[in-house]
Amino acid sequence: MTQKLPKFAVLQLSGCAGCEVSLLNATDWLHQYELVYMPLVISADNVPDVDILLVSGGVQTSEDLYKLSHAIHHANEVVAVGTCAISGGVTNLGNRDDVRDLFLSQAERHHLPRMLPKCRPIDDFITVSRYLPGCPPTPQLFMQLLTPDPDYTQKKTVCQECGRKKLRDMKPNHFFGAQQGSPDPDICLINQGYPCVGSSTRAGCDALCTKPGHPCVGCRGPSDAFIEKDAEHWFSSIQKVFESMTNVPSQEIQEVMRSPQLSLFLFQFADYDQKARPIRPKEKIL
Amino acid sequence: MTMTRLTFPVSRIEGHAQVVIEVENGQVISSHFQATEMRGFKHFVEGTPAEQMPVITPRICGVCSTAHQVASVKALEDIFEVTPPPLARRIRELLLLGQLIQNQATSLFIFTMPDRLDVPSIFHSLESSNISVQGICDNIARCSLRVRKAGTDLITLAGGQFIHPIKTMVGGVTSGIQREKAEIMLAELETIIPVVRILFNHYWQLSTSLKERIGTWGDDEPTYYITSTPAINPVYDTDTIRVLSPDGQVIDTFAASQFRDHLVFNDNDYSYAGQTSFNGKIMRANSLARINMTQSMGTEIADSYMARIERAFGLPAHPILLYDLCRGVELINAIERAIEILKEPLDGTDTHVGYTPKDGEGYGLVEAPRGPLIHHYAVEGGKITSAEFVIPTVHNILAIERALTVAAKRYIKDGQINMELEKAVGRVVRAFDPCIACATQ
């Protein structure tokens, strides 16, 4: 090979490897980049000097923090990949004070990396130049990062990608469980009583959950309209949508939205402990 | 007295783990397989609305998300006393076959093929590769990724998303599969069969030429084996677990709800994963266990490869590297089986039945690529009060450690360490294809 290819590395912190698995489905970079570090598929001890460092997973243990701190000195650019690295992801549930106490008291092992007080998004510790959202990010988004197509566009919200019809006169009195019933394939899931947050969730997934009838759980994070604002703006937008499209009592809406175990909280808020959500400029988000 | 601790980080597996071998006065005194990350889902799902579990639990692991989603839905169906219609069960089976294709292709060609080629990764084999299939792929990396992608395409078709799928729901599946989409998938699977055969034959030949090295052939003692697949024509949406004795007799059969009477879990202070035994005895799960407990794969090409294994090694067989060859047999069988199912009508509307959520306790069992996986939930007031995840990788940890000890004793003699040990450690661990994200709940 005569041509010198740009290099990239993938550092996996505490996560599920879903982001890496998704990257393996985006293979058109094979002749445009040299992948030099990715423990899932390559035997290599440390992150060598690279042009782009992709980081997936949250910062959960002392080892995660150590690896992250070392790796960034070898990279020209750091990209946060996937919901865990960006905002905590599903493991946010383990940040609840009672659960964290349990982790720290029962789950700790003396000869292993120690658990940090909370699992954190990576930009709590380092500067990130771009964000690749999704749980996981789609292979197309990985390609857009590595080999940008100038004509690439995407819709703004999952709602716009979904295409289900919103009806003015169909207002449910209560929310269903996410899996209940047989939703009509053409009508908006909120009209049918499902707490779907696609109205303000960032597009780019082609509405793959809502089209077959599963409410959006917000895994890709807020759309451009909310990304630079604090979490309250996002919450109140969703609340307004639920209030205007349903007759669900406001207490029930509150419960659905504010319960840490319900979907919205689940994917987006590492700041369950009330720490302010960091503002991410929309230009940095793919 | 001198004490040495040898630490080997393990790559090309799912998640973070290392092997630590302790040597005292030139003698190997212990070999530990340490999971160095902690996921802890069983702790933090407490209080979750039960119906959220099929959304949350796939995130235990991006590699095994399909198995977790189906096990989760089955546990809830057990609690709500709902039976999915036959069409839904066929589509779930297709989904699990997609996962098996993806997983076995990844383990075989991306995780362990580099050990056979003596390169750091499959991407480092681009120059030396002599594999190509005309019009389809032109080197080992591309051919391997092509096979793997067929598995992920099948998961997408049957599950909606190839990681963290969403289409399996309590009571069935959200929708059927349109005829034209089934035909496209069929064509893709038929296209990759020759690719798989060429890759696997190459892999087989490279593997058997590794003779005389540890982590290869004839290196460890017989053991117990565990699977939930049936003896004839494997399926992966399962309901009964079987155990085989080292001499080849099925000596135990039980339902998921009875697992505590048969399997014993122990925690330890050197790993976040713990270990499971068959009432105190070392057991093995995953591909070799299934093949040892299968009389017929029920498809033509897979059965011919299985006959090859039986001729060469007999069955039950115990060499660790047979795990990898068994994965190849299963990969081909899963493709052949998926083709059969895709020829059936799958576009019916009877895809799910209604249900009424209720409280109670339930179990969901599937045969994941790494072995029998159980989700066990207790639900009160619609919320999870306790959750247990019985993880296949954890069934294998005692067997991994025993095999590592055999390797360590082979390569550490009179205080001298043969650096072949490092490669042997990699081969041994990867043969079991452990998944650390799953194992640390």
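Fair warning: this is a prediction, and the values are worked out from it, not measured in the lab.

If you tally the helices and strands in chain B, you get 13 helices and 16 strands. Computed over C-alpha atoms, the radius of gyration of chain B comes to 21 Å, within 12% of the 22 Å expected from 2.2 N^0.38 for 441 residues, which places it in the range of a compact globule. With the principal axes as the frame, chain B shows a C-alpha extent of 70 × 55 × 40 Å. The burial tally for chain B puts 60% of its 441 residues in the buried class. Sequence separation of at least 24 residues holds for 73% of the intrachain contacts in chain B that already meet a minimum separation of 6.

Moving on, we come to the nonpolar core. Formed by 223 residues in total, the largest nonpolar core has its most connected members in L53(A) and V55(A). At 15 residues, the largest contribution of residues to this core is made by helix α4 (residues 86-117) of chain B. Two domains share this core, each providing at least three of its residues, namely domain 1 (7-151) and domain 2 (158-271) of chain A. Look past the residues within four positions of V55(A) in its chain and what remains in contact with it is L11(A), L13(A), L68(A), V78(A), A80(A), V81(A), A85(A) and I122(A).

On to the interface of chain A and chain B, then. Interface size is often expressed as the accessible area that is lost when the parts come together. Every contact between the two is made by 51 residues of chain A and, on the other side, 54 residues of chain B. Residue assignment for the side of chain A that touches chain B shows that the elements contributing at least two residues are α1 (18-24), α4 (97-107) and α10 (263-268) of chain A. Here the side of chain A that touches chain B gets five residues from one element, more than from any other, and that element is α1(A). Considering only residue class, the side of chain A that touches chain B consists of 30 nonpolar, 18 polar and three charged.

A few words on the sheet that holds strand β6 (residues 224-227) of chain B. Across the sheet, four strands lie side by side as β8-β7-β6-β11 (chain B); this open sheet has mixed pairing. The open sheet has two edge strands, β8 (250-255) and β11 (283-284) of chain B, and neither has a second partner.

On to the packing of helix α6 (residues 179-208) of chain B against helix α9 (residues 322-342) of chain B. Residue and element names in this part refer to chain B. Where α6 meets α9, the axes come as close as 10 Å, and the angle between the chain directions of the two elements is 165°. Relative to α9, α6 is oriented roughly antiparallel. The chirality of how α6 crosses α9 is left-handed. Here A182, M185, L186, L189, E190, I192, I193, V196, F200, Y203, W204 and S207 of α6 lie close against α9, whose contacting residues are D324, L325, G328, L331, I332, I335, A338, I339 and L342.

All names here are of chain A. The domains assigned to chain A are domain 1 (7-151) and domain 2 (158-271). The gap between the C-alpha centroids of domain 1 and domain 2 is 27 Å. Counting from both sides, the interface comprises 17 residues of domain 1 and, opposite them, 13 residues of domain 2. Of all the elements, helix α3 (residues 82-87) adds the most residues to the side of domain 1 that touches domain 2, at three residues. Split into classes, the residues belonging to the side of domain 1 that touches domain 2 amount to seven nonpolar, eight polar and two charged.

Reading the values: the criteria
- Residues numbered from 1 in each chain as written.
- Chains lettered and ligands numbered in written order.
- Predicted model: local features only at pLDDT ≥ 70, side-chain atom pairs only at ≥ 80, totals over all residues.
- Helix = DSSP H or I, 4+ residues; strand = E, 2+ residues; numbered from the N terminus.
- Rg over C-alpha atoms; globule rule 2.2 N^0.38 Å.
- Buried ≥ 20, exposed ≤ 12 C-beta atoms within 10 Å, placed from the backbone.
- Contact = placed C-beta atoms within 7 Å.
- Core = buried A, V, L, I, M, F, W, Y, C linked by C-beta atoms within 7 Å.
- Domains from an automatic or database assignment.
- Nonpolar A, V, L, I, M, F, W, Y, C, P; charged D, E, K, R; others polar.
- Pairing = 2+ DSSP bridges.
- Axes fitted to C-alpha atoms, helices over the stretch in contact; angles between N-to-C directions.
- Parallel < 35°, antiparallel > 145°, perpendicular 65-115°, else oblique.
- Left-handed = near helix turned anticlockwise from the far one by under 90°.

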